[in-house]
There are 2 protein chains.
Amino acid sequence: MSKHLTKREDDYSKWYNELVVKADLAENSAVRGCMVIKPYGFAIWEKMQAELDRMFKETGHENAYFPLFVPKSLFEAEEKNAEGFAKECAVVTHYRLQNDPDKPGKLRVDPEAKLEEELVVRPTSEAIIWNTYKGWIESYRDLPLLINQWANVVRWEMRTRLFLRTAEFLWQEGHTAHATKAEAIAESKQMQDVYAEFAENFMAMPVVKGVKSDSERFAGADETYTIEALMQDGKALQAGTSHFLGQNFAKAFDVKYTSKEGKQEYVWATSWGVSTRLIGGLIMTHSDDLGLVLPPKLAPIQVAIVPIYKGEEQLDAISEKVDVIVKDLRKKGISVKFDTRDTYRPGAKFAEYELKGVPVRVAIGKRDLENGTLEIARRDTLEKQTVPQKEAVSFIENLLEEIQKNLFVKAVSYRNNHTTIVNTFEEFKNTIENKGGFVSAHWDGTEETEDKIKEITKATIRCIPNDAVEEEGVCILTGKPSYRRVLFAKAY
Amino acid sequence: MSKHLTKREDDYSKWYNELVVKADLAENSAVRGCMVIKPYGFAIWEKMQAELDRMFKETGHENAYFPLFVPKSLFEAEEKNAEGFAKECAVVTHYRLQNDPDKPGKLRVDPEAKLEEELVVRPTSEAIIWNTYKGWIESYRDLPLLINQWANVVRWEMRTRLFLRTAEFLWQEGHTAHATKAEAIAESKQMQDVYAEFAENFMAMPVVKGVKSDSERFAGADETYTIEALMQDGKALQAGTSHFLGQNFAKAFDVKYTSKEGKQEYVWATSWGVSTRLIGGLIMTHSDDLGLVLPPKLAPIQVAIVPIYKGEEQLDAISEKVDVIVKDLRKKGISVKFDTRDTYRPGAKFAEYELKGVPVRVAIGKRDLENGTLEIARRDTLEKQTVPQKEAVSFIENLLEEIQKNLFVKAVSYRNNHTTIVNTFEEFKNTIENKGGFVSAHWDGTEETEDKIKEITKATIRCIPNDAVEEEGVCILTGKPSYRRVLFAKAY
């Protein structure tokens, strides 16, 4: 692979794939469709997890852990309300390997060790969890049950891309049980808000909150609340979903509670999840042709300091100055790497930190020592500035906040410039084809129309925005009446 | 299930099983051998994870994530040096379910969707990781590679017990690569020390550090460093292992590096892991006939405060006092639950916190309001004391430290009282059978003798302690010469 990245305008998809590998985030593994998340990529995920986990706990949720495997029969129970759920999944049929009697040194599946009932590697855990909740819920005193799980899941995807769509991925899945419908709906909406807050305040990725149309809704849900982001290539990314499941799973798994009034009632449910896919969204919201650009709040290394020196003596003099700054930055909770490796030259280090999206890079050489200065470069705008060493800590602290804000503002501006209001199907097709982005249009509310539009343009309804205003109009395709606009886009 | 636990002296194993379920730690699931870790049990695991993760990072390790599945062929490569590795594992053979054409509403495995190569759900990740490291290691500049993974693994165990032995369990597995043998050995020993420090300082569980005998060593390892704890029933628990893998995996997966001198050399390796089994060890080290006893450093709730009141007015008066104390305790990083649920009576709450092992329980009633006092009960000794409200915070802070220390001292004392030095096989058999615990004895160093002793007594060599002193002696079974004692015990 060449040292330089493909340019975004030449081939966005190739740029993305190269960036993920070159920035040391992840790579494909020996297992079809499964990725290895490398330490630098995983450090970003850990930062995401820490913030989300804090937010879940602040909203009253606890973590638990449910089995990796789901007996086939539990899917059959669920199947009644989830006919549409994909059946592409990893199926465990045997529990033993043995030495192959015909081929020395080779292993084979032991034909004697066939499971009575096949086990499915969880594609999502509603079935196993609701089968468990049946034993946990008896009375109103056991509700609400507010549980989250951090886990790996597997869906046998045919076309995979690092982070965006992989056979195995990491995620969290919240599964809650409530006494009333209103409470469950409020929970689903609350988690949509939590996701939006995380996306905007930490990832600096603006999102549209809305609900899914019938055909895009999760098979077992009565309503799917979504957050939708827009990537730099004009395609939308579904970044997180929160489902109001009604009483569907309670009925499938017979989960009832005794109310205060002594009546037996089915429980109301929600589930909600975000995954390592968010890392793909993060990359495609901010990065550029030089590599990754990370918002400071999620950057594993916020500041990299590179000494430029000849000989031990100069390095010692530089280190003396830098050590103080490093200590002061760390006191403020800022993560710093002072890169004194003598196996790489400063130019190579600069390129590495650019590629890896480190928000602030500091260089300090002989002239800086004489002048009591530092060179501070910001990754988002690539601007450099010479700053007195004495002011370095407060300068960097402010700069990190400034970068976090700037990335969000830039992304909002891109999103706004790429949200187009159209009133005819010609305009619609033209916008989708040539400009991309979100397209706000009237739709007659039928699945049939939705399907036809998708067939012609590949665009789907991303959501009916929460803030859609009532407005008389006619469907762009059929001319039938419509009373609000919905958001279309081509999507990942 | 009755409200009371079976007594330990009546049936230790039954006591354990009941305790795990009644204290809301875990339960069996619909999947054979797989457990559900309930929120309270998972909260303990989260505390363990947080401390271990911090210790791993302080010793220079980074986290990453490798695939859940291992292609069968990678096990064949490894098999050459790991003939002994168990082949009882979950095997994925198909990637799709379909509606059963013969049975409406039922699913079956799609016979068309057979994998070309079977995938094994990882029982441990050496194979997939070393296959990956091959692409990451080129020169001495890439070493050492210090990586840890938090993951689920599956081993198809026939006899399972919650936390102690389950088909699926959660663990961490460190996998490191080094340029020299000495460095890899130092790493293995360092991680043994980290595990021992965690066990003793956080779990308050004393451990013996040592190395495994040939027959108890991990199949792919040149040396296995272990920490061994002693449970209240006199059985040993292997609590964590750290393996020096030599160049075995480097050779199996052809992982070489170019040294500073330009030579191609095989890499040296270690791997090390602890699992949710530690929760089983924690339970069996400290708990009693009333339920769980938790060391404060790992207790999800360190202090529970129960108000004893009649009517809203009294509760308000109590809350006013308690709120201040709660705030001050939290400021000191102490986790407190003020239990104002009106759906349970104080007696039921006391029993619940006893069962769940909350280290300190505070009760406050009308008389306390008048006297400006509180009743503080410690879970480890069950002692109660009346304390002025003004002194409550510092009293509790000291008490938590005192409990942490006391639990360790008690466990050390039990361990010392149950470590017996014997010189004849009669004494050995007698001790193993009637007293249990560790037995320190001379052994001739052969696998044959070890096997015979196991056959006769069910005791195995837990380890050759790091601090074993040179001492002339004769093997208890064969009378052959021996120069140091080893530790035997029956084990979990």
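Because the structure is a prediction, the values reported are computed rather than measured. (Residues numbered from 1 in each chain as written. Chains lettered and ligands numbered in written order. Predicted model: local features only at pLDDT ≥ 70, side-chain atom pairs only at ≥ 80, totals over all residues.)

A closer look at the overall build of chain A
A count of helices and strands for chain A gives 13 helices and 27 strands. With respect to the three principal axes, the spread of C-alpha positions in chain A is 80 × 70 × 55 Å. Put simply, chain A has 492 residues, and 47% of those count as buried. In chain A, of all internal contacts separated by at least 6 residues, the share reaching a separation of at least 24 is 67%. (Helix = DSSP H or I, 4+ residues; strand = E, 2+ residues; numbered from the N terminus. Buried ≥ 20, exposed ≤ 12 C-beta atoms within 10 Å, placed from the backbone. Contact = placed C-beta atoms within 7 Å.)

Details of the nonpolar core
Formed by 290 residues in total, the largest nonpolar core has its most connected members in Ala199(A), Ala229(A), Ala199(B) and Ala229(B). Discounting residues that sit within four places of it in the chain, Ala229(B) has contacts with Ala199(B), Met205(B), Pro206(B), Val207(B), Ala236(B), Leu237(B), Ala239(B), Gly281(B) and Thr285(B). (Core = buried A, V, L, I, M, F, W, Y, C linked by C-beta atoms within 7 Å.)

Digging into helix α4 (residues 126–136) of chain A
The buried fraction of α4(A) is high, at 8 of 11 residues. Of all the positions in α4(A), only Glu126(A), Ala127(A), Ile128(A), Ile129(A), Trp130(A), Asn131(A), Thr132(A) and Tyr133(A) are classed as buried.

So, the interface of chain B and chain A
Residue-level contacts link 56 residues of chain B with 56 residues of chain A. Per-element tally for the side of chain B that touches chain A: the top contributor is helix α3 (residues 72–79) of chain B, with 5 residues. Where strand β5 (residues 91–94) of chain A lies against strand β5 (residues 91–94) of chain B, 3 bridges are found, and the strand directions are antiparallel. Across the sheet, His94(A) pairs through a bridge with Val91(B), a residue of β5(B). (Pairing = 2+ DSSP bridges.)

Quick look at the environment of Ala269(A)
Residue and element names in this part refer to chain A. Position of Ala 269 among the secondary structure elements: in strand β16 (residues 268–275). Remark: the alpha-carbon pair of Ala 269 and Asp 368, spanning 99 residues in sequence, is separated by 61 Å. Setting aside residues no more than four positions away along its own chain, Ala 269 makes contact with Thr 176, Ala 177, Ala 184, Leu 245, Phe 249 and Ala 250.

Some details on the relation of the copies chain B and chain A
Superposition of chain B onto chain A requires a rotation of 180 degrees combined with a translation of 0.0 Å along the rotation axis, giving an RMSD of 0.0 Å. The operation mapping one copy onto its partner corresponds to a two-fold rotation axis. Considering only C-alpha atoms, the residue of chain B closest to the rotation axis is Val92(B), which sits at 2.1 Å. (Least-squares fit on C-alpha atoms with pLDDT ≥ 70 in both.)

Some thoughts on the sheet that holds strand β21 (residues 384–388) of chain A
Residues and elements named next belong to chain A. An order of β18-β17-β19-β20-β21 is seen for the 5 strands of this open sheet, with the pairing classed as mixed. In this open sheet, the two strands that pair with only one neighbour each are β18 (336–338) and β21. Averaged over all pairs of adjacent strands, the angle between their axes in this sheet comes to 25 degrees, without regard to strand direction. Where strand β19 (residues 360–364) meets strand β20 (residues 373–378), 4 bridges bridge the pair, whose relative direction is antiparallel. Across the sheet, the residue bridging to Arg 361 is Ala 377, located in β20. (Axes fitted to C-alpha atoms, helices over the stretch in contact; angles between N-to-C directions.)

Observations concerning the packing of helix α8 (residues 311–331) of chain A against helix α11 (residues 392–417) of chain A
Residue and element names in this part refer to chain A. At their nearest, the axes of α8 and α11 sit 10 Å apart, and the two run at 45 degrees to each other. When the axis of α8 is compared with that of α11, the two are oblique. Handedness of the α8/α11 crossing: right-handed. Seen from α8, the contacting residues are Ile 325, Asp 328 and Leu 329; seen from α11, they are Ala 392, Val 393 and Ile 396. (Parallel < 35°, antiparallel > 145°, perpendicular 65-115°, else oblique. Left-handed = near helix turned anticlockwise from the far one by under 90°.)

Some points on the domain arrangement of chain A
Residues and elements named next belong to chain A. Here chain A is partitioned into domain 1 (12–90 + 124–286), domain 2 (301–399) and domain 3 (419–489). Centre-to-centre separation of domain 1 and domain 3, based on C-alpha positions: 27 Å. Contacts between the two partners involve 16 residues from domain 1, matched on the other side by 15 residues from domain 3. Elements that contribute at least two residues to the side of domain 1 that touches domain 3 include exactly β11 (208–211) and β12 (223–230). (Domains from an automatic or database assignment.)

Considerations on the pairing of strand β10 (residues 168–178) of chain A
Residue and element names in this part refer to chain A. Extensive coverage of β10 is indicated by the burial of 9 of its 11 residues. For strand β9 (residues 145–154) and β10, the ladder comprises 10 bridges, and the chain directions are antiparallel. Bridge pairing in β10 links Asn 148 to Gly 174. Of the strand pairs in this sheet, β10 and β16 are connected by 8 bridges, and their pairing is antiparallel. Its bridge partner lying in β16, His 175 is registered against Ser 271.

A word on the sheet that holds strand β23 (residues 438–442) of chain A
All names here are of chain A. Strand order in this open sheet of 11 strands is β3-β9-β10-β16-β13-β12-β11-β24-β27-β23-β22, and the pairing throughout is mixed. Here the strands that pair on one side only, and so sit at the sheet edges, are β3 (62–63) and β22 (419–421). Relative to strand β27 (residues 485–489), strand β24 (residues 460–465) runs antiparallel, the two being bridged by 3 bridges. In the sheet register, Cys 463 faces β27, and the bridge partner there is Leu 487.

Digging into the pairing of β9(A)
Pairing of β3(A) with β9(A), which is carried by 2 bridges, proceeds in the parallel orientation. Looking across to β9(A), one finds that Glu62(A) is bridged to Ile147(A).

Re the confidence of the model for chain A
For chain A, per-residue confidence averages 96 on the pLDDT scale, and 98% of positions sit at 70 or higher. Across the interfaces of the predicted complex, the ipTM metric reaches 0.96, alongside a pTM of 0.96. (pLDDT = per-residue confidence, 0-100.)

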